2 protein chains.
Amino acid sequence: MIIRSKDTKVEEIAHLRDGEGTVTKRTLAPAQPDLHQKLLARFTIKKGCSIGNHTHTGEVEYYYILSGEGVVTEDCGETSVFPGDVVVTGWGQSHSIRNECDKDLEFVAVITTEK
Amino acid sequence: MIIRSKDTKVEEIAHLRDGEGTVTKRTLAPAQPDLHQKLLARFTIKKGCSIGNHTHTGEVEYYYILSGEGVVTEDCGETSVFPGDVVVTGWGQSHSIRNECDKDLEFVAVITTEK
């Protein structure tokens, strides 16, 4: 099955996970719970905006950075991430991500679940 | 955890799934079988090259097209795909993908499993 870009759902979400400002979420494909696929989406975060801190238990989330630069806060501290880097968060870990740069931060997010 | 782009494994694979030529596979993160995460990778396919036809049973694969243009063959026929499009293949379906254009075809591939 082909899902065309124009048919993907785009949402402007304010204060996602209690983050700053508004982020753009483009859902690339519907969730498939029977196949443990919870999320496949592309996020755009403008300067000064963020996805707030949240925890992943019983699942793993990947952020694959496509463009821009982000600051990721994990349980162990802050790290800058760049295109090609991957943020992996699961096993009860937490993360948040924000953009402090003029260029939009773009990444693909994937969540798969244990059950 | 942050996986830096420079630390991701890159393989040049000839005749992947009996396809034409060589494709580049960059594995973005290790598989997590307990979380049903089988593959997170970025593929680059040059003109004249392809990933051959193969079937996904008990799992679903997504190709999220980043750049270039591809020709996808599914059980129902051929379709051209463009940046932003998503190919979804599971439930015993088959697919292949090839590049007939000068520009490299780049996409993110995700596989999650039922068991």
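Everything below is about the structure shown above.
Keep in mind it's a predicted model, so treat the numbers as computed, not measured. (Residues numbered from 1 in each chain as written. Chains lettered and ligands numbered in written order. Predicted model: local features only at pLDDT ≥ 70, side-chain atom pairs only at ≥ 80, totals over all residues. Heavy atoms only, no water.)

**Observations concerning the overall build of chain A**
Part 1: Looking only at helices and strands, one finds 0 helices and 11 strands in chain A.
Part 2: When the elements of chain A are put in sequence order from the N terminus, they spell out β-β-β-β-β-β-β-β-β-β-β.
Part 3: For 115 residues, the compact-globule estimate of 2.2 N^0.38 gives 13 Å, and the C-alpha radius of gyration of chain A, at 14 Å, lies within 12% of that figure.
Part 4: Principal-axis analysis of the C-alpha atoms gives chain A an extent of 35 × 35 × 25 Å.
Part 5: Of all intrachain contacts in chain A linking residues separated by at least 6 positions in sequence, the fraction that spans at least 24 positions is 61%.
Part 6: If you sum the accessible surface of chain A, you get close to 5,200 Å²; carbon and sulfur atoms cover 48% of it. (Helix = DSSP H or I, 4+ residues; strand = E, 2+ residues; numbered from the N terminus. Rg over C-alpha atoms; globule rule 2.2 N^0.38 Å. Contact = heavy atoms within 4.5 Å. Areas by Shrake-Rupley, 256 points an atom, 1.4 Å probe, with all protein chains shown as cover.)

**With respect to the relation of the copies chain A and chain B**
Part 1: Rotating chain A by 180° and translating it 0.0 Å along the rotation axis places it on chain B, where the RMSD comes to 0.0 Å. Look at the turn and shift together and you get a two-fold axis relating the two. Taking C-alpha positions as the reference, the residue of chain A nearest the rotation axis is H36(A), at 3.2 Å.
Part 2: Looking at the interface residues of chain A, 100% of them are also at the interface in chain B, so both copies use one shared face. (Least-squares fit on C-alpha atoms with pLDDT ≥ 70 in both.)

**Topic: the packing of aromatic side chains**
Residues and elements named next belong to chain A.
Part 1: Taken as a whole and assessed by the stated rule, the structure comprises 4 aromatic pairs over all chains.
Part 2: Ring plane angle 45° and centroid distance 4.5 Å describe the contact between Y63 and F107, whose orientation is recorded as tilted. Taken as a pair, Y63 in strand 6 (residues 59-67) and F107 in strand 11 (residues 105-113) lie far apart in primary sequence, 44 residues in all. Like Y63, the residue F107 is buried in the burial classification. (Phe/Tyr/Trp six-rings, centres within 6.5 Å; stacked < 30°, edge-to-face > 60°. Buried < 20%, exposed > 50% of the residue type's maximum accessible area, 1.4 Å probe, protein only.)

**Some thoughts on the pattern of salt bridges**
Part 1: Tallied over the entire structure, the rule returns 18 salt bridges over all chains.
Part 2: In this structure, the salt-bridge partner of K6(B) is D7(B), at a minimum N-O distance of 3.2 Å. (Salt bridge = Lys/Arg side-chain N within 4 Å of Asp/Glu carboxyl O.)

**Things to note about the sheet that holds strand 7 (residues 70-74) of chain B**
Adjacent strands of a sheet pair through backbone hydrogen bonds, lying either parallel or antiparallel.
All names here are of chain B.
Part 1: In spatial order, the strands read 5-10-7-8; together these 4 strands make up an open sheet with antiparallel pairing. Every interior strand has two partners, whereas the edge strands, strand 5 (50-56) and strand 8 (77-81), have only one. Here the average twist between neighbouring strands, direction ignored, is 20°.
Part 2: Here 5 bridges tie strand 7 to strand 8, and the two strands are oriented antiparallel to one another. Opposite G70, over in strand 8, you have V81 as the bridge partner. (Pairing = 2+ DSSP bridges. Axes fitted to C-alpha atoms, helices over the stretch in contact; angles between N-to-C directions.)

**Re the nonpolar core**
Part 1: Counting 26 residues, the largest nonpolar core has L40(A), Y62(A), L40(B) and Y62(B) as its most contacted members.
Part 2: If you list the elements that add at least two residues to this core, you get strand 6, strand 9 (86-90) and strand 11 of chain A together with strand 6 (59-67), strand 9 (86-90) and strand 11 (105-113) of chain B.
Part 3: Every residue in contact with Y62(A), bar those within four places of it in the chain, is listed here: V86(A), V87(A), V88(A), V108(A), A109(A), V110(A), A29(B), P30(B), Q32(B), Q37(B) and L40(B).
Part 4: Formed by 20 residues, the second largest nonpolar core is a distinct cluster that contains I13(A), L39(A), I65(A) and A109(A). (Core = buried A, V, L, I, M, F, W, Y, C linked by side-chain atoms within 4.5 Å.)

Spatial relationships are all this shows, so hold off on functional conclusions.
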